[in-house]
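Report on the structure
These are the residues of each chain, in order.
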Amino acid sequence: MSDRDDTGGPPEISSARVGSPAIRVDADDKSTGRAVYVDDLTFPGMLHAALVYPGCAHARLLGVRPDEAIRTPGVRAVLTAQDVPGENQVGVLRSYPDQPLLPHDTVRYSGDAVAIVVADTGALAREAARSVRVDLEELPGVFDAVEAMEPNAPRVHPEREDDDDRGLVGNVFLRERVRKGDVDAGFEEADIIVERTFRTHHQEHAYLEPLGAIAVPGEGSSVTVYGTMQCPYYVQKAVATALGVPLADVRVIQTVTGGGFGGKEDVPSEICACAAVAAAKVGKPVKLVYTREEDFERSSKRHPMTVTYRLGATIDGTFTAADIRIVADAGAYSTLTPIVVFRATAHATGPYEIPNVRTDAYGVYTNRQTTGAFRGFGQPQTIFASESVVDEIACALGIDPIEIRVRNGLAVGKRTATDHLLDESVGLPETLRIARERSGWDEKREAFAGDAGRVRRGIGVGAIYYGVSLGARGLAIDGSGAHVEIEPDGSVRVAIGGTEMGQGLHTVLAQIVSDSLGAPMHAIHIGHVDTSLVPDSGPSVASRTTLMSGNAVLDAVAKLRESMAPVAADVLGVTAEDVEFGPGRVGTRERSVTFAELAAECHARDVATVADGWYKAPVTTFDEDGQGDAYAVYSFATQVAEVEVDTETGAVALVRVTAAHDVGKVLNPVTLEGQVQGGVLQGAGMALYEIMKTEGGRIVTPDFATYILPTSVDVPEIEVAFVEEPYSKGPFGAKGIGETPAMPGAAAIANAVSHATGIRFRELPLTAERVKLALG
Amino acid sequence: MEITLTVNGRERFADVGPTTTLVELLREHLGLTGTKVGCGHGECGACTVILDGEPVNSCLVFAVQCAGREVLTIEGLADAGAASDSDGERHPIQRAFVEVGAVQCGYCTPGMIMSAYALLASNPAPSRSEIERAVSGNLCRCTGYVKIVDAIEKASA
Ligand code: FES
Ligand code: FES
């Protein structure tokens, strides 16, 4: 490495057309330490908050005694449920009002904080929080969803009335179903039927930046909240609700966000509302940042699911019927479980056309940490089940596992489990073909089967589909806004409602603006979300953000082009219809001006160079029987995993992953590849390493020493391939990618381990102990 | 108690408590917020800085232990080994991270780059597996590490 000579300014952000590699617009700030995350911010007079925890998972809350804490020098206030000025509710789904911001009579899980301490420093606040006395009468808890369904199980929400007609009894607060065709007749037709039960566990998001918020009181009852988050508009509503003030009084500004993966979808509402309530009480800015242990306690997890999957097929491998039962552990509060379970139910068959389907799903309360959105949103669990059973049927019939997926897989003209007739953008067959070819599947499948030594190799496949955006049961707004403003010097300010959380949104939007407006990339400035600039644009989840914000930006750009084209035409002496907005220049092939020149001219002529854009997703349906075009469009993926299993120790080494993803259109191949590589490793974590252990509902693996994440030495060789089956309503044909990379991995790895060992594993993760035990 | 130390080539004074950690000193006393905290217990590497040439988790080191010593953080990296103090300069490792696409959410990035710096200082041409081992104490949840290792390889070339 040479030192001085190579040193120079920041790498130049050159204009990159949509589809070509672009350097991330935020990479320089992030690699120099200049990017400002929430904990890097401070305000004059700012105080610090800490939360008071109950120390048990289920108890009657008799009282909170802050006397000692309040007498500590430097402690400014201790707030309990009575101090929440507005409505003491924080759950994102208003139709499930089961979650108080601060519990007032019952504690339902170990992270259910009962009070907020405000002090001069964070250390002081945390120390004082530990000295707050919490009077509790412990109640028996229930920590497993299947047990929680038993008639005599302790009830997590005894205040809820049973609804026998809808089967919502005891801890079961949610049911979803799919009914398609005649399942009994379908099984009659089958030559083989396989039924298995699978279990998955809590998975932690483990984004590297813990949750944090700062609330700054403003004039009157207004407040500005800064925080690390995916969904500023959720936060705005939660803060307005807790404070009892109009939405217009709450401004939410997203800070640079250090990862989300779903974990910063609804959960930031809690921490932001706590900070806001505290700030309103003391009349000063208040910062609340979780320690890693608190983040483990208070953040949502991937739902543990118990999935029973019954699949029938004829002798030639054609699927005839599927009967699926899903039990999802929601934890103490419903949070996003209704939406997660909807998605799991709608997609439960996997990406196959099956004429007869019966799926029943249950959302169940337990006294565990809440579960919610995590990359894949309820699907990686059901995929583990469906892809394992599909494999088992293939093997039993002597059909190649990829072949059976091709035969039954979705394609244009086929129907999903919700009876959605697919008419465009179905890249599954191509992802299967590419994954097979690039992984060397055919040779390896055969060669590895012959392994007889201590180390046995295996290769397995997982295929998935994912409905992009919120779908029919989404309860948030499925529209998105953008605001584009051109300065006289040709620099462009873009405000959007979708969040950059690390996935690369700002860079692809800059590419889209550059490509469609003609401004060079370096002139485009995209800000983090500020709710005062762009109307409610829904959440940044469900692989929807590039699609939604991209289309909203394109809508604004179209308006700008309309007002600017006549000016360009006039200056150049051409007709407005002939004016093209290319990268960097505007005009015709023969005559053009730079974008900056055109911007100056528009300003000189008083032509408006500001526009708002809006995009609304198509309406989708999902009826009582789970039938309808549940999502507007689907992303598809196939991943092939290669493993080596040490039969003496049970250790599974992930050697190679081939990931083929249909994204509609590749906007930025570099960032896209990075997203897939990261997702592959998260899938590997779910399959092999990560397990959250609890005792009596309390986490006993609350840190990175005990909750094991994959590190740089665990990385397999990863080959990423893209399929572009354009979506007619997507920006440049793009669909979504956020979720899918993390989805097929666990299933593919489990199938590979089964190929290596001949043993089917039906519970994750495949730790050495578990594998060793099975090997005997 | 008052301590004096060198941070990014400049002499700094600070009044710290006996349990103040180096990362608190950097972030809260000196306003150098480029160094991140992901765990506070030496388990994630986000707080990695260079102390007298060695990479350390600054959340595990007490500020008082740093009296009279030299600390290099992400903010000082561009100028590391150089005399001038001109703004806007980038170290080859930083450039490589940007160009290769090794940055996503960026929260691990400063610590990761400091670990890479320490590696390349002692081993200018490491193998891929040496790089993987050298940053195995730095967690990244976004990238799957592939492009991070690519970037360090590129910077070493
Ligand atoms: S913050 Fe120091 S190692 Fe995690
Ligand atoms: S880039 Fe997000 S943790 Fe590494």
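Please read these numbers as outputs of a predicted model, since none were measured by experiment.

Calculation criteria
Residues numbered from 1 in each chain as written. Chains lettered and ligands numbered in written order. Predicted model: local features only at pLDDT ≥ 70, side-chain atom pairs only at ≥ 80, totals over all residues. Helix = DSSP H or I, 4+ residues; strand = E, 2+ residues; numbered from the N terminus. Rg over C-alpha atoms; globule rule 2.2 N^0.38 Å. Buried ≥ 20, exposed ≤ 12 C-beta atoms within 10 Å, placed from the backbone. Contact = placed C-beta atoms within 7 Å. Axes fitted to C-alpha atoms, helices over the stretch in contact; angles between N-to-C directions. Parallel < 35°, antiparallel > 145°, perpendicular 65-115°, else oblique. Left-handed = near helix turned anticlockwise from the far one by under 90°. Nonpolar A, V, L, I, M, F, W, Y, C, P; charged D, E, K, R; others polar. Pairing = 2+ DSSP bridges. pLDDT = per-residue confidence, 0-100. Domains from an automatic or database assignment. Core = buried A, V, L, I, M, F, W, Y, C linked by C-beta atoms within 7 Å. Expected span 1.5 Å × (residues − 1).

1. So, the overall build of chain B
Within chain B, the secondary structure is distributed over 6 helices and 5 strands. The order of helices and strands in chain B, counted from the N terminus, is β-β-α-β-β-β-α-α-α-α-α. The C-alpha atoms of chain B give a radius of gyration of 15 Å, which matches the 15 Å a tight globule of 157 residues would have. Across its three principal axes, chain B shows a C-alpha extent of roughly 45 × 35 × 25 Å. Buried residues in chain B amount to 61% of all 157 residues. The contacts in chain B between residues at least 6 apart in sequence include a share of 58% that link residues at least 24 apart.

2. Some remarks on the overall build of chain A
For chain A, the helix and strand inventory stands at 19 helices and 30 strands. Taking 2.2 N^0.38 as the reference for a compact globule, 776 residues should give roughly 28 Å; the C-alpha atoms of chain A span a radius of gyration of 27 Å, in line with that estimate. The C-alpha extent of chain A, read off along each of the three principal axes, is 80 × 75 × 60 Å. Counting every position in chain A, which comprises 776 residues, the buried fraction comes to 61%. Sequence separation of 24 or more characterises 80% of the internal contacts of chain A that already satisfy a separation of 6 or more.

3. Points about the packing of helix 3 (residues 92–100) of chain B against helix 4 (residues 109–122) of chain B
Residues and elements named next belong to chain B. For the pair helix 3 and helix 4, interaxial distance at closest approach is 10 Å and the crossing angle is 130°. Judged by the angle between their axes, helix 3 and helix 4 are oblique. As helix 3 runs across helix 4, the sense of the crossing is right-handed. Each of Ile-93, Gln-94 and Phe-97 in helix 3 lies in contact with helix 4, whose residues at this interface are Thr-109, Ile-113, Ala-116 and Tyr-117. Of the residues belonging to the contact of helix 3 with helix 4, the class tally is 5 nonpolar, 2 polar and no charged.

4. Some points on the pairing of strand 3 (residues 48–51) of chain B
Residue and element names in this part refer to chain B. Bridge count between strand 3 and strand 4 (residues 54–57): 4 bridges; the pairing is antiparallel. Residue pairing in the sheet places Thr-48 in a bridge with Asn-57 of strand 4. As paired strands, strand 3 and strand 5 (residues 70–72) are joined by 2 bridges and run antiparallel to one another. Note on strand 5: the bridge partner recorded for Leu-51 is Val-71.

5. Side note on the interface of chain A and chain B
On the chain B side, the residues contacting the 51 residues of chain A number 52 residues. Only helix 1 (27–32) and helix 17 (669–689) of chain A provide two or more residues apiece to the side of chain A that touches chain B. Ranked by residue count, the leading element in the side of chain A that touches chain B is helix 17 of chain A, at 7 residues. Along the lines of polarity and charge, the residues of the side of chain A that touches chain B split into 21 nonpolar, 19 polar and 11 charged.

6. Regarding the confidence of the model for chain A
Residues at a pLDDT of 70 or more form 98% of chain A, whose mean pLDDT is 95. A low-confidence stretch, residues 1–7 of chain A stays under pLDDT 50, and its non-local contacts, those more than four residues away or across chains, total 14 contacts.

7. Looking at the confidence of the model for chain B
All names here are of chain B. Looking at chain B as a whole, the pLDDT averages 94, with 94% of positions reaching at least 70. Scored below 50 in pLDDT, residues 81–87 makes 4 contacts in the model with residues more than four places away or belonging to other chains. At the level of chain-chain contacts, confidence expressed as ipTM amounts to 0.97, with global pTM at 0.96.

8. Considering the domain arrangement of chain B
Reports often express the size of an interface as the amount of accessible area lost when the parts come together. Residues and elements named next belong to chain B. By the assigned domains, chain B splits into domain 1 (2–77) and domain 2 (92–156). For domain 1 and domain 2, the distance between their C-alpha centroids amounts to 21 Å. At the junction of the two partners, domain 1 supplies 15 residues and domain 2 supplies 13 residues. A per-element tally of the side of domain 1 that touches domain 2 places strand 3 first, with 3 residues. Partitioning the side of domain 1 that touches domain 2 into residue classes produces 8 nonpolar, 5 polar and 2 charged.

9. Regarding the sheet that holds strand 3 of chain B
All names here are of chain B. Taken in spatial order, the 5 strands of this open sheet run 2-1-5-3-4, and their pairing is mixed. Edge positions in the sheet fall to strand 2 (10–15) and strand 4, since each has one partner strand and no second. Across this sheet, the average inter-strand angle for adjacent strands is 40°, counted without regard to direction. Taken together, the 2 bridges between strand 1 (residues 2–7) and strand 5 define a ladder with parallel strand orientation. Residue pairing for strand 5: Thr-6 is matched across the bridge by Glu-70. Together, strand 3 and strand 4 form the strand contacts of helix 4, whose direction differs from that of strand 3 by roughly 35°.

10. Description of the domain arrangement of chain A
As assigned here, chain A comprises domain 1 (41–139 + 211–289), domain 2 (301–472 + 622–775) and domain 3 (479–616). On the domain 3 of chain A side, the residues contacting the 19 residues of domain 2 of chain A number 17 residues.

11. What to know about the nonpolar core
Judged by nonpolar contacts, the single largest core of 316 residues is most densely connected at A:Val117, A:Ala275 and A:Ala276. Broken down by element, this core gets its largest block of residues, 12 residues, from helix 15 (residues 545–572) of chain A.

12. As for the packing of helix 17 of chain A against helix 18 (residues 745–757) of chain A
Residue and element names in this part refer to chain A. For the pair helix 17 and helix 18, interaxial distance at closest approach is 8 Å and the crossing angle is 55°. What the angle tells us is that helix 17 and helix 18 run oblique. Considering only the axes of helix 17 and helix 18, their crossing is right-handed. On the side of helix 17, the interface is formed by Val-680, Gly-683, Ala-684, Met-686, Ala-687 and Leu-688, while helix 18 contributes Gly-745, Ala-746, Ile-749 and Ala-750.

13. Structural notes on helix 12 (residues 428–439) of chain A
All names here are of chain A. The end-to-end C-alpha distance of helix 12, which contains 12 residues, comes to 16 Å, matching closely the 16 Å that a straight helix rising 1.5 Å per residue would cover. Within helix 12 the residues assigned to the buried category are Leu-428, Thr-431, Leu-432, Ile-434, Ala-435, Arg-436 and Ser-439. Those residues of helix 12 that are buried are in contact with helix 11 (401–408), helix 13 (441–449), strand 18 (455–467), strand 26 (634–646), strand 27 (652–662) and strand 30 (717–723). Positive phi appears at Gly-440, one or two residues downstream of helix 12, with a value of about 70°.

14. Examining the sheet that holds strand 21 (residues 524–526) of chain A
All names here are of chain A. Spatially, 4 strands are ordered 21-20-19-25 in an open sheet, and the strand pairing comes out mixed. Of all the strands in the sheet, just strand 21 and strand 25 (610–616) have a single pairing partner and so form its edges. The average angle at which neighbouring strand axes cross in this sheet is 20°, direction not considered. Sheet analysis places strand 20 (residues 492–496) next to strand 21, joined by 3 bridges and oriented parallel. The residue bridging Val-494 from the neighbouring strand is Ile-526, located in strand 21. Packed onto the sheet, helix 15 meets strand 19 (479–486), strand 20 and strand 25 and runs at close to 140° relative to strand 25.

15. Considerations on the environment of A:Ala653
All names here are of chain A. Relative to the assigned elements, Ala-653 resides in strand 27. Separated by 63 residues in the primary sequence, Ala-653 and Pro-716 place their C-alpha atoms 8.4 Å from one another. Not counting chain neighbours up to four residues away, the residues in contact with Ala-653 comprise Val-643 and Glu-644.

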